[in-house]
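One-letter residues, chain by chain:
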Amino acid sequence: MNAITDFVDRLSPAQPADAQTAALKALALAWWNQPSGLLILHLAGHLRVGRGLEALGPAATGTLAGRPPYFRAAYQLLTHIARWKRTGKAEIAAVAGLPSDDGPAVIAARLFEFVATGRLNESPAKLVGDLRTPIDTVTHAAIALKNLGLTAEAERLEALWGMIEQLMRNAGDVLVLSPMFLENIGHMVLAGAMIEAQRMGYFKPQRTAAATETPHNPFLCRLLSRYLEPLPARYAFGEILNTAKVFVLGDGRRIQMMELVSEAARVWSEGGRPLLQLDDEVLERGWANLAPFGVRRGDRLVTLHIREQGFHAYGDRVSLNEAELNRIRNAPVESYAPAVEQVIANGGTVVRLGNPGMTRVGHRPGFIDYPFTDFRSDWMDIFLASQCHYHIGSASGMSFVPMLFGRAVLFTNYVTLASLIDAPSVVALFKPLRDRAGRLVPFAEHAERFRFVQNDIELDFHGIEHDYNSVEDIGEAVELMERYVDPVSGLLRAPDQVFRTAREAFAKSPVARRPNIPPGFWERHYGASGG
């Protein structure tokens, strides 16, 4: 981080022009294969020193034309916004290295028009065209804007796209989910939330359809397919997956995707209406697999899934860049060992989920290292998630699956405050942040400046680091789950005052949610006042 932070510091009017250019070049080389990093850098350069990647000369700008259309559109949009912020003039001017009249340029111009004025002078239909390009433009531009403190502009962009999607969604009688919703296991939970939102009357279409391609967990895909019908022969709009997207509901309320998941999770747990249930035959097979480990049907299981780099080393279709970019979501499995022993001492059996690409822990009494069993399978993954007393996890897709069955979840080492799940049976430990001097970032500052941070590039850009949750943090949170999660219903039954202090701090912050944060963690890191 230190080298990156040093170069970011040189993007300052106080530095000579050659130092600014050298910093731009070094950072561009470091982030050349990370589109979001390059867009953050370009916007930062323009806002801070009046020039972005074009300062690197024709050799660099000449490669822009070969970038995907969404990148070219986001690049031009951010250039327009930066010039507007520096000069006060909402004008559209040529951007070096790119044509001013092709599709991406038109998308950038129309989006900028709305950001600057709040109006569109043309029909939204002219903005849409190829649906994927404008959506990805908004997504990537919003990331850069939020990292540079232009949150209002980012939210205006997201609201515009939410309104356009609402118009397109409501034009049909079937809610069509894109194939990505049924690909990764975590994405399937988002599909479940969309189905539940439809059942709650959030969307005008009353039926749901989806196309499946190559799901990572075919068994869970088949369970969800009970709510789905085949794709219609013709449809105008397919719901594109994005965890940061904003929905505009019929009553005008705006809700972000992870807020939608939170509301669905409330129904699945406290509402007594889990989205999914398993057939008796699957239950019998699942308990039979556990019998050699001394586990009988009805015994108390606590599942554990801690994301690590090896998670992407075994059969997952993910690029090296994506795995590296999401490294911030990993955590050291050894820090969970005392909490595991605590569950075992209380008579429970801990089942560690995952795949054989992860660190081998080994079986022992009360602990099943499931990735290294001969019965690991897609359906057994889901059996375990559905039958747990509660789940202990990190910010991985698998850790969201128990919610589909109304089970309680303890999220640990969570990264992005803006996507925390706010549901009665979900408890969360997030990663504290530290500045370059090692100072703990107070919660108010964390929530104001860094609530959207989601990867290591963004951490490096801001000159901050994250702490892993400590053994003490995790142990106290597990003790809370052991005490308050009902072993039959799987619901968290903690008194309201247990989480009151952190809830009130969150409610007053820009995060504007009320998640269940363990009181010991909160007091230790942020004090009674919130730090």
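Refer to the preceding data block for the structure.
Read on for an overview of the structure.

Conventions adopted
Residues numbered from 1 in each chain as written. Predicted model: local features only at pLDDT ≥ 70, side-chain atom pairs only at ≥ 80, totals over all residues. Heavy atoms only, no water. Helix = DSSP H or I, 4+ residues; strand = E, 2+ residues; numbered from the N terminus. Buried < 20%, exposed > 50% of the residue type's maximum accessible area, 1.4 Å probe, protein only. Lys, Arg positive; Asp, Glu negative; His and termini not counted. Charge placed at Lys NZ, Arg CZ, Asp CG, Glu CD. Pairing = 2+ DSSP bridges. Right-handed = clockwise from strand over helix to strand, strands pointing away. Salt bridge = Lys/Arg side-chain N within 4 Å of Asp/Glu carboxyl O. Contact = heavy atoms within 4.5 Å. Polar contact = N/O pair within 3.5 Å; in protein donor to acceptor, adjacent residues only side chain to side chain. Core = buried A, V, L, I, M, F, W, Y, C linked by side-chain atoms within 4.5 Å. Phe/Tyr/Trp six-rings, centres within 6.5 Å; stacked < 30°, edge-to-face > 60°.

## Looking at the overall build of the protein chain
Helix and strand counts for the protein chain stand at 21 helices and 12 strands. The C-alpha extent of the protein chain, read off along each of the three principal axes, is 70 × 60 × 45 Å. By residue count, 58% of the 531 residues in the protein chain fall in the buried class. Each charge sign in the protein chain was given a centre, from 55 positive and 58 negative side chains, and these centres are 4 Å apart.

## Section: the pairing of strand 2 (residues 207-210)
As judged from the four bridges shared by strand 1 (residues 174-177) and strand 2, these two strands associate in the parallel manner. The residue bridging L175 from the neighbouring strand is T208, located in strand 2. Considered for its hand, the β-α-β crossover made up of strand 1, helix 10 (residues 185-199) and strand 2 is right-handed.

## Considerations on the pattern of salt bridges
According to the stated counting rule, one finds 31 salt bridges in the structure shown. A salt bridge links R207 to E229; the shortest N-O distance between them is 2.9 Å. One end of the pair, R207, is in strand 2; the other, E229, is in the loop between helix 11 (218-224) and strand 3 (246-248), and 22 residues separate them in sequence. With a relative accessible area of 36%, R207 lands in the partly exposed category. Of the residues examined, E229 reaches a relative accessible area of 25% and is grouped as partly exposed. Residue E270 is joined to R493 by a salt bridge in which the shortest nitrogen-to-oxygen separation is 3.2 Å. With E270 in the loop between helix 12 (257-269) and helix 13 (280-290) and R493 in the loop between helix 19 (471-484) and helix 20 (500-508), this pair connects stretches of sequence that are 223 residues apart. Salt bridges sharing common partners tie together E165, R169, E239 and K245.

## Section: the environment of H46
Mapped onto the elements of the fold, H46 is located in helix 3 (residues 35-49). Each C-alpha atom, one on H46 and one on K85, is 9.5 Å from the other, the two residues being 39 residues apart in sequence. Setting aside residues no more than four positions away along its own chain, H46 makes contact with R51, G52, E54, T79, A82 and R86. Side-chain polar atoms of H46 contact the side chain of E54, separated by 3.0 Å.

## With respect to the nonpolar core
Judged by nonpolar contacts, the single largest core of 108 residues is most densely connected at L290, V401, M403 and F430. Counting residues per element, this core draws most heavily on helix 10, at nine residues. Each residue touching L290, except ones within four places of it in the same chain, is listed here: V295, L301, I368, F375, M380, F383 and L384. In terms of nonpolar packing, the next biggest core, distinct from the first, is built from 51 residues, L39, L53, A141 and I164 among them.

## Focus on the packing of aromatic side chains
Within this structure, the stated rule accounts for 18 aromatic pairs. Seen in terms of ring centroids, W84 and F112 are 6.0 Å apart; in terms of plane orientation they differ by 80°. Their pairing is edge-to-face. Of the two residues, W84 is situated in helix 5 (residues 69-87) and F112 in helix 6 (residues 103-117); the sequence distance between them amounts to 28 residues. The residues W84 and F112 share a single accessibility class, namely buried. Note on F506 and W522: the rings are 6.1 Å apart at their centroids and 45° apart in plane angle, and the pair reads as tilted. Remark: W522 occurs in helix 21 (residues 519-526) and F506 occurs in helix 20; sequence separation between them is 16 residues. Accessibility assignment for this pair places F506 and W522 in one class, buried.

All we've got here are geometric facts, nothing functional implied.
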